[in-house]
Amino acid sequence: MIALLLATLTQSLTLIPLALGINLSYTLLRATDMTIDGSFVLGAGVFAQLVTMGISPILAFLVALSCGAIAGAFTAFLQNGGKVDPLLAGILTSFILYSVNMAVMGRPNINLLSTPTLFSGAFAHSTTLGWFSVALVVGLLVVAFYILLQSRLGLCLRAFGDNPALLSRQGYNVTYLRVTGFSLNNLLAAASGAITAQIIGYADIGMGVGMTLIGIGAIVLGQHLILPFIKKHYLRAGSELLAAFIGIALYFFILNGLLRFNINPIYLKLLLGVLLALFLRTATRKVSLS
Amino acid sequence: MKRIFTYLSLISLLLLTACGNKQTTANNNAPKPIQIGIIIPIEHPAMDEITRGFEETLTADLKQPIEFQVMRAQGDVNLQRSMILQLQNKGIDLYAPIATQPTEMTAAMIHDRPIVGLAALLPESTRAKSQLALVDDEITPTQIIQFIHAIYPTKTQLTLVYSNNDKMAPQVEEAIAAGKTVGIQVDKRMITALPDLYSIAQSLSPQTQGILVLKDVLVVSGIATLSQTASQKHIPLISADDGSVQNGSGFALGVKEYQIGVEGAKVAEQILQGTPAATIPTVKMTKLSVFINTKALTAQGQDLAAIEKEAAKDNYAIVDVTNQPVGDLK
Amino acid sequence: MSPLLQFEHITLRHPSLERPILDNINYTVQKGDCVVVLGANGSGKSSLLKLLDGRYRANDGKIILKNKNILSLSSQKRAHCIHTLTQSAKDNLFLDLTISENYQLIQKRNKADAIDSLADYLQAFNVNLATKLDVLVARLSGGEQQALALALAVLYPPEILLLDEHTSALDPKTAEHLMALTARIIHERHITALLTTHNVNHALAYGDRILALKEGCVHDCIERSDKQNLTAEMLMARCY
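The shown structure was predicted, so the numbers you read here are calculated from the model rather than taken from an experiment.

Structural notes on the overall build of chain B
Secondary structure summary: chain B contains 13 helices and 13 strands in total. Considering chain B as a whole, with its 330 residues, one finds that 53% of them fall into the buried category. Sequence-distant contacts, at least 24 apart, represent 69% of the contacts inside chain B between residues at least 6 apart. Within the structure as shown, chain B displays about 14,400 Å² of accessible surface, and the carbon and sulfur contribution to it stands at 56%.

Here's the deal with the overall build of chain A
The secondary structure content of chain A amounts to 12 helices and two strands. Ordering the α and β elements of chain A from the N terminus gives α-α-α-α-β-α-α-α-α-α-β-α-α-α. In terms of overall size, chain A behaves like a compact globule, its C-alpha atoms giving a radius of gyration of 19 Å where 290 residues would be expected to give roughly 19 Å. Taken over the C-alpha atoms alone, chain A extends approximately 55 × 40 × 35 Å along its principal axes. Counting every position in chain A, which comprises 290 residues, the buried fraction comes to 60%. For chain A, the proportion of contacts with a sequence separation of at least 24, taken over those separated by at least 6, is 79%. Accessible surface computed for chain A: about 11,300 Å², of which carbon and sulfur atoms make up 73%. If you average the places of the 15 positive and of the 6 negative side-chain charges in chain A, the two averages end up 10 Å apart.

What to know about the interface of chain C and chain A
Across the boundary between the two partners, chain C contributes 24 residues, which contact 19 residues of chain A. Together chain C and chain A conceal approximately 2,100 Å² of surface at their shared face, both sides included; 53% is due to carbon and sulfur atoms. In this structure, the connection of chain C to chain A is made through two salt bridges. Between A:Arg236 and C:Glu101 there is a salt bridge, with the nearest N and O atoms lying 2.6 Å from each other.

A few points about the pattern of salt bridges
Residues and elements named next belong to chain C. In this structure the tally under the stated criterion is 23 salt bridges over all chains. Put simply, Glu165 and Lys45 hold a salt bridge, and the shortest N to O gap is 3.7 Å. Of this pair, Glu165 sits in the loop between strand 7 (160-164) and helix 7 (172-188) while Lys45 sits in helix 1 (residues 45-53), placing them 120 residues apart in sequence. Comparing Glu165 with Lys45 shows no difference in burial state: the two are buried. A salt bridge links Arg184 to Glu188, with the nearest nitrogen and oxygen atoms 3.2 Å apart. Residue Arg184 and its partner Glu188 are both found in helix 7; the two are separated by four residues, about one turn of the helix. Glu188 sits in the partly exposed class, given a relative accessible area of 48%. A network of salt bridges, in which partner residues are shared, links Asp33, Asp208, Arg209, Glu223 and Arg224.

What to know about the nonpolar core
Residues A:Leu167, A:Ile195 and C:Leu105 are the most contacted members of the largest nonpolar core, which totals 110 residues. When neighbours within four sequence positions are excluded, A:Leu167 is seen to be in contact with A:Cys156, A:Ala159, A:Phe160, A:Tyr172, A:Val174, A:Leu177, C:Phe94 and C:Leu105.

Quick word on the interface of chain A and chain B
Interface size is commonly expressed as the accessible area that is lost once the parts come together. Taken together, the contacts link 55 residues of chain A with 40 residues of chain B. Taken together, both faces of the contact between chain A and chain B bury some 4,100 Å²; the carbon and sulfur share is 62%. In this structure, the connection of chain A to chain B is made through zero salt bridges. Connecting chain A to chain B are eight residue pairs in polar contact (both at pLDDT 80 or more). Every element with two or more residues in the side of chain A that touches chain B is listed here: helix 1 (2-28), strand 1 (109-111), helix 9 (174-200), strand 2 (202-204), helix 10 (211-226), helix 11 (236-259) and helix 12 (265-289) of chain A. No other element matches the 10 residues that helix 12 of chain A contributes to the side of chain A that touches chain B.

Description of the environment of B:Ala128
Structurally, the position occupied by B:Ala128 is in the loop between strand 4 (115-118) and strand 5 (132-136). Remark: the alpha-carbon pair of B:Ala128 and B:Leu226, spanning 98 residues in sequence, is separated by 44 Å.

Definitions and cut-offs
- Residues numbered from 1 in each chain as written.
- Chains lettered and ligands numbered in written order.
- Predicted model: local features only at pLDDT ≥ 70, side-chain atom pairs only at ≥ 80, totals over all residues.
- Heavy atoms only, no water.
- Helix = DSSP H or I, 4+ residues; strand = E, 2+ residues; numbered from the N terminus.
- Buried < 20%, exposed > 50% of the residue type's maximum accessible area, 1.4 Å probe, protein only.
- Contact = heavy atoms within 4.5 Å.
- Areas by Shrake-Rupley, 256 points an atom, 1.4 Å probe, with all protein chains shown as cover.
- Rg over C-alpha atoms; globule rule 2.2 N^0.38 Å.
- Lys, Arg positive; Asp, Glu negative; His and termini not counted.
- Charge placed at Lys NZ, Arg CZ, Asp CG, Glu CD.
- Buried area = accessible area lost by both parts, 1.4 Å probe.
- Salt bridge = Lys/Arg side-chain N within 4 Å of Asp/Glu carboxyl O.
- Core = buried A, V, L, I, M, F, W, Y, C linked by side-chain atoms within 4.5 Å.
- Polar contact = N/O pair within 3.5 Å; in protein donor to acceptor, adjacent residues only side chain to side chain.

Geometry only, nothing functional implied.
Below you can see the structure in the form of structure tokens.
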């Protein structure tokens, strides 16, 4: 049981920034941003390429985050002032990003096994210290994200998702908010990609496939479990964070748990899919009532 | 009501998963078999062949009982990570990931157990940190060009069809360079999608004396198109893997996937007998095979005898795959 | 009294319609006036308001507000001087935000000092919102939503307040309350307002002047002095 929990914890940890990013786009901005599939790989690829070139891991990490943000800004730009559906714009960007990622990486797979990374020193010391350093970086991102949610910008992004037309009539620059929102969520996805690459030992062109859907599934799952118990709306930002954590952890808990039954992985995906569909059904029912 | 049902189903699922991992601690008294974890990243007949070669050779050679745990990740990176973690929990003695990407992931996650990467190519420097041994299955385009030149010493014009896959670019360059040294001009034609293949096949240079395809997934999946052209023009279609020969290529110089497993099993044996994995040099596939399709060769107007003669000279095994169903290479 | 807002030759066309939606409208609004715009459905009264807040773009003409043609201003600059309330709460408020978050968005935009107590401020609007500051606006009743929208609209009084049938989605009693509240607030605070309604009684009771539109043209202008002699029936006859 402890092994199961540890496996869940370590797997969830690297995807928490991604979950926060999806929380931002899906819950706050109310858009399904498929760019994330591409910017996850972009973050991993840029980071891997830069550290392979001998650039310091910290700098490489920051550049990887910025590249994610630029990809998000591009998606926002494609939406052309709200006239193009964010889903379409995101799919288009993620389509383009495949070529960009290939160009950045120069090959489909960059390996980081013998390259110094943000965490390689700590992992060389001990696995516990290694995971502690990962938790530290993820923790910093979480705190920064929480401060953002509670800030004026966070409120504006939430208002943007709720009613961009009204926000515009109240005199806010919605184009700026759209660019900021999409940049931030892809920055977080790129962070997740860069951290994942360091843990799994490589950046791969195909590593982002399906990440958005896993993330949305996990978030909906988490929110469905948490939000009914949260009556105070000033706790909303905190409970959304908690929902993201619980959702992603539950996803991996179930995945790791089902694996222990020696179920054929073909049915494993079916089972996971059915479970998520069940939650999505009940969750959407709740929304349509209110 | 519906929500209660959802919660109930969730809780029961969690309980089930919590109980599920108890079944692994069943028999403690029996002598503990050697546990070997095989990680298959995606469903593909070639992967199964490698696995079969590995399992059969190791079972035959080792006198101890062995338990193989085969993990199939279905192309899902997250699932693959969970599977490696699960193997780690089971206390696996040796890991055998297939292909480069799963080998990288295993090497990044497992440091205290030996790993034999099958059909994996990684820089030597990466082997230092983990106990990693490698079996590299790549054969060079130079080997293929030289073999072609030996069979057809008079041919001077070849068309190389390849896709825009990044992995192909350096191999194409190598093929062109190798062609120059033996007096063959290699004319390169790139496709970006499968439909391109048809138009390329229709617009081949009339001087071309053969079509060459490397180990290139996209082109190989459309090999039938090129096979038709080769038959019309009575020129050979030459490739670098067995699957394309089954589908209409005349012949190929390549590696039997089963053999990769066999080589991997030999490395695993050495490790289990105490040789540190990192000290074992990367195994290159020296035992090459020539796969032939007699029907296709006849249609392309090619002489089997010349191929057999050269194969015998280079000590390559001849494998006739003419009537074998696709994907089933025993 | 001085002219605050002047419509000059305002024309609005829709490509699919032969007749212009608004045809050469000229009208002047004095500072502090509450002008009621009357007219049948399709007479163009809502379109007139939408031109002001930027939801529609005029084909021709000018709207002068304090010596500036507001049609050439960006929607953000326009937002500083014009505020609109419509009948639909989702046009007026962020439904998925709380009352205090809606307030924060207005307050910060105006870069004004925060008021001491939002609860105390809301007391003046007759509805008991003070205890619900952390409740999502979507959970409030229709009357509460419109009262809140009004309260937030006049928190930092705009040059022009546009009320586009803002009571018509409410039940008659609530609508009556809200209309009385609106009239009291705009008179107390000397707010210039343009109001559209189908209720001629409201128009008589609360409008300083009445502008009647018919088929996109100015049909009738009723000044403050004329208004006293009119009954609802007479107004109905004149305007429709």
